Amino acid sequence: MKNASSTRLFVVAGLLLAFALALFVSPFANPNPDGLNRVAMDEGFAEAATEHDLGDSPLADYRVSGVEHEGASKGLAGAAGILATFALALGLFAIARKRREPDTVPSKGGQA
Amino acid sequence: MHIPDGFINAGTSAGAALMAAGGVAVAVKKTSQYVDDRQVPLAGLTAAFVFAVQMLNFPVAAGTSGHLLGGALAAILVGPWAGAMCVTVVLIVQAFFADGGITALGLNVLDMGFVTALGGYAIFAGLRKVLPRKRSSIVLSSGIAAGASVVMSAAAFFIQFTIGGNVDLSPGSVLMAMLGVHALIGIGEGLITAATVGLVLGVRPDLVYGARDLATPLELSPRTGTAESPS
């Protein structure tokens, strides 16, 4: 596994890029409704949407409640989401990895 | 693209949630067949990256935006079933941001996760069969597959809407509107996906699941030639 440290570097660099996108680019994202919401408005079923159960969550609508500055609030919410997503995915794939353990110790990198 | 609560009735949403749960169970099983220590952090990064880029809505038409779905991208980077798992994680986290309904989570996991990852990867694999075996073909196939995956996702929503839509509308008009706007969003999806796959291919081609066949087997085969030496 001579590439192990280089892979770690790749993952760290990728995460830094994701954080940079959330912190510095997302405040400039287009605020218009997305494709589905636009169709819902045009076709007349937008009002069928009900209140979100987590609409009062401290991170609702990609805003950190209490942070006044729009851009900063969105960027920080995004950064929190990136961390949570990374951690949750890591956990889920670690479970998948563990399931494999019994039959994999001898062969490495096998692909069907 | 996130479906809020209320668009689709409770029964259809519950059925979709069951299908999504079954899909995740299959995905964990399929992924466990090949995942190794190195792929665990890569899958984490893929999910985190999709979360970040989904925040970056781009304009597609007057008063309308679109954002990356990321299922095809994740599938090409870490494998189709693993890619579906990555988007599922993104959608679960997004529920805490009030993005995508809670009862609609299963609907969204199917449309944005499984349809885009499995459908997108199938198109990617088909294109790779007919295109020359080189890097530029992988980038091109990624872009086209990702673009098509958005239209497939819109079609999947339409099926759910037809089965359990909470409103009485002419379905034909909803279908045309969904396909039209998502064909435009698909262009953005294709460009972002091709750029990202191209970037990773340039830095670490060995980490791209969809490009495994291009990687020269440096690690194992040369050694078998010198295996005579005592160990």
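Asker: What exactly am I supposed to notice about the overall build of chain B here?
Answerer: Looking only at helices and strands, chain B features eight helices and two strands. Along the chain direction, N to C, the helices and strands of chain B fall in the order α-α-β-β-α-α-α-α-α-α. The principal-axis extents of the C-alpha atoms in chain B amount to approximately 75 × 35 × 30 Å. Residues counted as buried form 56% of the 231 residues belonging to chain B. Summarising the internal contacts of chain B: among those between residues at least 6 apart in sequence, 77% fall at separations of at least 24.

Asker: Would you mind showing me how to read the confidence of the model for chain B here?
Answerer: Averaged over every residue, the pLDDT of chain B is 92; the share at 70 or more is 93%. Every residue in residues 221–231 of chain B is under pLDDT 50, and counting partners more than four places away or in other chains gives zero contacts.

Asker: What exactly am I supposed to notice about the interface of chain B and chain A here?
Answerer: When the parts of a complex come together, some accessible area is lost, and that lost area is often taken as the interface size. On the chain A side, the residues contacting the 64 residues of chain B number 57 residues. Of all the secondary structure elements, the ones that give two or more residues to the side of chain B that touches chain A are α1 (10–32), α2 (39–54), β1 (58–61), β2 (64–66), α4 (80–95) and α7 (171–203) of chain B. Here the side of chain B that touches chain A takes twelve residues from α2(B), the largest share from any one element. Along the lines of polarity and charge, the residues of the side of chain B that touches chain A split into 43 nonpolar, 15 polar and six charged.

Asker: Explain unusual backbone geometry to me, please; I cannot follow it from the model alone.
Answerer: Trans peptide bonds make up most of the peptide bonds, and negative phi angles are found at most residues other than glycine. The phi torsion at A:Asp61 lies on the positive side, around 55°, for a residue other than glycine. Here A:Asp61 is to be found in the loop between α2 (35–43) and α3 (70–100). Positive phi outside glycine occurs at B:Ala98, with the angle close to 60°. Inspection of the secondary structure puts B:Ala98 in the loop between α4 and α5 (105–130).

Asker: When you look at the nonpolar core in this model, what are you seeing that I'm missing?
Answerer: The nonpolar side chains of soluble globular proteins are, as a tendency, buried together. In this structure, B:Ala47, B:Val50, B:Ala52, B:Ile76 and B:Cys86 are the most contacted members of the largest nonpolar core, which totals 96 residues. Per-element tally for this core: the top contributor is helix α6 (residues 135–164) of chain B, with 13 residues.

Asker: I'm lost on the environment of B:Ala211 in this one. Help?
Answerer: All names here are of chain B. Locating Ala-211 in the fold gives a position in the loop between α7 and α8 (221–225). Taking C-alpha positions, Ala-211 is 36 Å from Ala-98, a pair spaced 113 residues apart along the chain. Excluding residues that lie within four positions of it along the chain, Ala-211 makes contacts with Ile-138, Leu-201 and Pro-205.

Asker: In this structure, what is going on with the environment of B:Ala154? I would like to understand it.
Answerer: Residue and element names in this part refer to chain B. Inspection of the secondary structure assignment puts Ala-154 in helix α6. Residues Ala-154 and His-182, 28 residues apart in the sequence, show an inter-C-alpha distance of 6.6 Å. With sequence-adjacent residues up to four places away left out, Ala-154 is seen in contact with Met-178, Leu-179 and His-182.

Asker: When you look at the environment of B:Ser153 in this model, what are you seeing that I'm missing?
Answerer: All names here are of chain B. Positionally, Ser-153 belongs in helix α6. Through-space distance from the C-alpha of Ser-153 to that of Leu-110 is 8.5 Å; in sequence the pair is 43 residues apart. For Ser-153, the contacting residues outside a window of four places in its chain are Met-1, Leu-69, Asp-111, Met-112, Val-115 and Thr-116.

Asker: Please explain helix α1 (residues 4–25) of chain A as it appears in this structure.
Answerer: With 22 residues, α1(A) should reach 32 Å at 1.5 Å per residue; the first-to-last C-alpha distance of 31 Å fits that figure. Those residues of α1(A) not exposed but buried are A:Val11, A:Gly14, A:Ala18, A:Leu21 and A:Ala22. End-on view of α1(A): buried residues confined to an arc of 95°, all on one side of the axis. In α1(A), the exposed positions angled more than 90 degrees off the buried face are occupied by A:Ser5, A:Arg8, A:Val12, A:Ala13, A:Leu16 and A:Phe24. As for α1(A), its buried residues are in contact with α3 of chain A together with α2 of chain B.

Asker: Just checking my understanding: could you explain the packing of α1(B) against α6(B) for this structure?
Answerer: A pair of packed helices can be characterised by two numbers: the angle between their axes and the separation between those axes. Residues and elements named next belong to chain B. Where α1 meets α6, the axes come as close as 9 Å, and the angle between the chain directions of the two elements is 135°. Taken together, α1 and α6 sit at an angle that is classed as oblique. In this structure, the crossing between α1 and α6 has a hand that is right-handed. Contacts between α1 and α6 involve Gly-11, Thr-12 and Ala-16 on the former and, on the latter, Gln-160, Ile-163 and Gly-164.

Asker: Looking at this structure, how should I read the pairing of β1(B)?
Answerer: Regular strands place side chains that alternate from one sheet face to the opposite one. All names here are of chain B. Pairing between β1 and β2: three bridges, direction antiparallel. Residue pairing for β2: Phe-58 is matched across the bridge by Gly-66. Where β1 folds back onto β2 in an antiparallel hairpin, the turn is made up of two residues, including Gly-63, whose phi is positive at roughly 70°.

Calculation rules
- Residues numbered from 1 in each chain as written.
- Chains lettered and ligands numbered in written order.
- Predicted model: local features only at pLDDT ≥ 70, side-chain atom pairs only at ≥ 80, totals over all residues.
- Helix = DSSP H or I, 4+ residues; strand = E, 2+ residues; numbered from the N terminus.
- Buried ≥ 20, exposed ≤ 12 C-beta atoms within 10 Å, placed from the backbone.
- Contact = placed C-beta atoms within 7 Å.
- pLDDT = per-residue confidence, 0-100.
- Nonpolar A, V, L, I, M, F, W, Y, C, P; charged D, E, K, R; others polar.
- Core = buried A, V, L, I, M, F, W, Y, C linked by C-beta atoms within 7 Å.
- Expected span 1.5 Å × (residues − 1).
- Arc of directions from axis to C-beta.
- Axes fitted to C-alpha atoms, helices over the stretch in contact; angles between N-to-C directions.
- Parallel < 35°, antiparallel > 145°, perpendicular 65-115°, else oblique.
- Left-handed = near helix turned anticlockwise from the far one by under 90°.
- Pairing = 2+ DSSP bridges.

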